[in-house]
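Single-letter residue listing:
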Amino acid sequence: MDTQTQAKWDKAAPNFDVMAGKGAEKRWRPFKEELFSQMDGKILFLALGTGLDIETFPSGKTITAIDISPRMLEVAEPRIASYPGELSARVMDVHDLEFADNSFDQIFTSCTFCSVPDPIKGLRSLRRVLKPGGQLFMFEHTGSSYYPFKPMMDLMTQLTRKIGPDMNRPTVDNVRAAGFQLREVNNLFLDVVKTIKADNPAQ
Ligand SMILES: C[S@@+](CC[C@H](N)C(=O)[O-])C[C@H]1O[C@@H](n2cnc3c(N)ncnc32)[C@H](O)[C@@H]1O
């Protein structure tokens, strides 16, 4: 377990809803809803955080959620309890998943790979627990390839990574580098907020 990352997000947990729950989350909500509407089969959700995303999950699904931060999951408890379906949450580091190979039909991530310290290792770990032919669905903010956003985001990341996410990750490249086959990439807000759909190729 990466205790440094865990401590960072435990510290962010009490104020996370105030910081995230209003502006950006409201704008992102319809896109998250559309992405999560594709949930089907046995699902792994990474990372649940305080559970702000739960309201956008379709009802009646079977979802195993993880997060590295026990304090985040404590805040999420009432939202988990009110989900009309099977939703369970466990403290787990994506770099070191405790699930057997080929456990899930689909994996969803939400604003996570800006925060995971070694994204390619984390994505390879997701591939291991996803069935061959299984699907990865991501809602992620990423770095920009355009001037002046790129240098601005590189600069901002020096500050934001101390308390939370990196703003400048090349997540689409990371997905490919981890061995997934990209199916669809949609730019939602400039090129900095994206949905990414990819498949775990059959071995
Ligand atoms: C920006 S928050 C997003 C939370 C939630 N998905 C949302 O959009 O409201 C990032 C989350 O990733 C979790 N996280 C960071 N590194 C992780 C890791 N290595 N394994 C599992 N979860 C991790 C943090 O604890 C935090 O809850």
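Residues numbered from 1 in each chain as written. Predicted model: local features only at pLDDT ≥ 70, side-chain atom pairs only at ≥ 80, totals over all residues. Heavy atoms only, no water.

A. Local environment of the sheet that holds strand β1 (residues 42-46). Read across the sheet, seven strands follow the order β3-β2-β1-β4-β5-β7-β6 without closing on themselves; strand pairing throughout is mixed. Of all strands in the sheet, those with a lone pairing partner are β3 (86-91) and β6 (181-189), marking the two edges. Averaged over all pairs of adjacent strands, the angle between their axes in this sheet comes to 15 degrees, without regard to strand direction. Contacts from helix α3 (residues 70-81) reach β2 (62-67) and β3, with the element oriented near 165 degrees to β3. (Pairing = 2+ DSSP bridges. Helix = DSSP H or I, 4+ residues; strand = E, 2+ residues; numbered from the N terminus. Axes fitted to C-alpha atoms, helices over the stretch in contact; angles between N-to-C directions. Contact = heavy atoms within 4.5 Å.)

B. Spatial organisation of the site of the ligand. Close to the ligand lie 21 residues, the nearest being Ala47, Asp67, Asp93, Val94 and Ser110. Interatomic distance of 3.3 Å between a side-chain N/O atom of lysine 32 and an oxygen atom of the ligand. Between aspartate 93 and the ligand, the recorded distance is 2.9 Å, taken from a side-chain N or O atom to a nitrogen atom. The fraction of the free accessible surface of the ligand (590 Å²) that becomes covered by protein chains is 98%. The set of elements that each furnish at least two residues to the shell around the ligand consists of α1 (3-20) and α2 (23-36). The element contributing the most residues to the shell around the ligand is α1, with three residues. (Near = heavy atom within 4 Å. Polar contact = N/O pair within 3.5 Å; in protein donor to acceptor, adjacent residues only side chain to side chain. Areas by Shrake-Rupley, 256 points an atom, 1.4 Å probe, with all protein chains shown as cover.)

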